[in-house]
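Breakdown of the fold
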Amino acid sequence: MLIFREPGSISGGLAPKAHASWPRRRLPPQAASIHLLRAHPDMKFQGSQNYVATQDLMLAVNAAITLRRPLLVKGEPGTGKTMLAEEVAQALGMPLLQWHIKSTTKAQQGLYEYDAVSRLRDSQLSDIDGGERVKDIHNYIVKGVLWQAFTAEQPVALLIDEIDKADIEFPNDLLREIDRMEFYCYETRELIRAKHRPLVFITSNNEKELPDAFLRRCFFHYIKFPDADTMKQIIHVHFPDLKKELLASAMKVFYDVRGLPGLKKKPSTSELLDWLKLLVAEDIPLEALQSKDDKVAVPPLVGALLKNEQDTTLFEKLVFMQRHNR
């Protein structure tokens, strides 16, 4: 059974010792309004014109909204994980804050950073303005995306993109902040609490396993690779005037290539869209996509689908063997 606790509450066990400089926990006056830190009950994602969301994906988004937990989205690269956050935010009329994770990203950067170098430099030039700027430490606090999301005047969507790129301790360093929607700024001696609980999306390409304690705080959804019918809907969104014959031939080639055993990297949805864009732009004839004997052939502009020499060589060998009936 999942037990949700309000931000600022303490779960079972001993309460952690408070820092000596921490202020007493007092909610701001406007916290009496029940909508603060709570999702709107009528907030539902029903898909959008620019994003084909399956029924189970829409259920996952709405479940995360109801539970007020981050939505952890996994799936193959190019299946629309990042775009999901963008489209949900637009559909619900919420501003979107994005935090794109790199291998060198630290959790503290999402909260804030203290620019001590700039303060030291300004102190050496204090004669210019009498040192007034240097006296206020707030001038040297660089707010991260979590600080911005917590202090926003309206509910926002927050995307933490490709969290698995960071080191293994990165998710653990964000446990308290994501769970309780608050953190302490030691430099200014203030507790930063969320005015409105943000709608959090976290994406992962499964490059690293995420800690169990982090997973427990999320609602999980894996975006499966689209089946043929769903793929047709996705293509129609991007190419509404594409001829049916070209669509049928292109999809057959694409799924033949994707189904080739031994591929190091299978082509994704985004690569299919790029390939179709090139076919249309270059006015590739339909005959170039069709094989007379219904065998696999090297399609034109195959570099949009296969992205390394190992897969290209493997595909060419398969075509050669089929032509010679081996």
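Computed from a predicted model, the values in this text were never measured in an experiment. (Residues numbered from 1 in each chain as written. Predicted model: local features only at pLDDT ≥ 70, side-chain atom pairs only at ≥ 80, totals over all residues. Heavy atoms only, no water.)

Some details on the packing of aromatic side chains
Counting across every chain of the model gives nine aromatic pairs. Here F254 and Y255 contribute two aromatic rings whose centre-to-centre distance is 5.3 Å and whose plane-to-plane angle is 80°, an arrangement assigned as edge-to-face. For F254, a relative accessible area of 0% corresponds to the buried category. Classification of Y255 as partly exposed rests on a relative accessible area of 26%. Of the aromatic side chains, those joined through ring pairs into one cluster are Y112, W147, F150 and F183. Between R133 and the ring centre of Y140, over which it is positioned, the NZ or CZ distance is 5.0 Å. Over the ring of F225 we find R258; its NZ or CZ atom is 3.4 Å from the centre of that ring. (Phe/Tyr/Trp six-rings, centres within 6.5 Å; stacked < 30°, edge-to-face > 60°. Buried < 20%, exposed > 50% of the residue type's maximum accessible area, 1.4 Å probe, protein only. Lys NZ or Arg CZ within 6 Å of the ring centre and 35° of its normal.)

What about the nonpolar core?
Counting 33 residues, the largest nonpolar core has W99, F150, I160, F170, I202 and F214 as the members making the most contacts within it. Counting only elements with at least two residues in this core, the list comes to β2 (96–100), α3 (107–111), α6 (145–150), β5 (157–161), α8 (175–180), β6 (182–185) and β8 (199–204). No other element matches the five residues that α6 contributes to this core. Aside from chain neighbours lying at most four places away, what touches F170 is W99, I101, T105, K106, A107 and I163. (Core = buried A, V, L, I, M, F, W, Y, C linked by side-chain atoms within 4.5 Å. Helix = DSSP H or I, 4+ residues; strand = E, 2+ residues; numbered from the N terminus. Contact = heavy atoms within 4.5 Å.)

What about helix α10 (residues 228–238)?
When we look at burial in α10, the residues that qualify are T230, M231, I234 and I235. For α10, the angular spread of buried residues about the axis comes to 140°, placing them on one side. (Arc of directions from axis to C-beta.)

Details of the sheet that holds β8
With parallel pairing, the five strands of this open sheet are ordered in space as β2-β5-β8-β1-β9. Each having just a single partner strand, β2 and β9 (219–223) make up the two edges of the open sheet. Adjacent strand axes in the sheet meet at a mean angle of 20° when their direction is disregarded. Note: β5 against β8, four bridges, orientation parallel. From the neighbouring strand, A157 faces β8, where its bridge partner is L199. Set on the sheet, helix α1 (residues 55–67) makes contact with β1 (71–75), β8 and β9; between it and β9 the angle comes to about 165°. Contacts from helix α2 (residues 81–91) reach β1, β2, β5, β8 and β9 within the one sheet, and its direction differs from that of β8 by about 165°. (Pairing = 2+ DSSP bridges. Axes fitted to C-alpha atoms, helices over the stretch in contact; angles between N-to-C directions.)

Some details on the pairing of β8
Counting buried positions along β8 yields six of six residues, so the element is predominantly enclosed. Side chains L199, F201 and T203 project from β8 onto one buried face, and the interleaved V200, I202 and S204 project onto a second face that is buried too. In this sheet, β8 lies alongside β1 in parallel orientation, the contact comprising four bridges. Along β8, the bridge assignment pairs L72 with I202.

Considerations on helix α12 (residues 269–281)
Over its 13 residues, α12 runs 18 Å from end to end, which matches the ideal 18 Å to within 8%, given 1.5 Å per residue. Those residues of α12 that fall on the buried side of the exposure criterion are T269, E271, L272, L273, W275, L276 and L279. Buried residues along α12 sit against α10 and α11 (244–258). (Expected span 1.5 Å × (residues − 1).)

A closer look at unusual backbone geometry
Positive phi values are uncommon outside glycine, yet E162 reaches one of about 60°. Within the secondary structure layout, E162 lies in the loop between β5 and α7 (170–173). With a phi close to 55°, M181 is a non-glycine residue in the positive phi region. Of note, M181 is situated in the loop between α8 and β6. Looking at M181, the relative accessible area reads 3%, which means it is buried.

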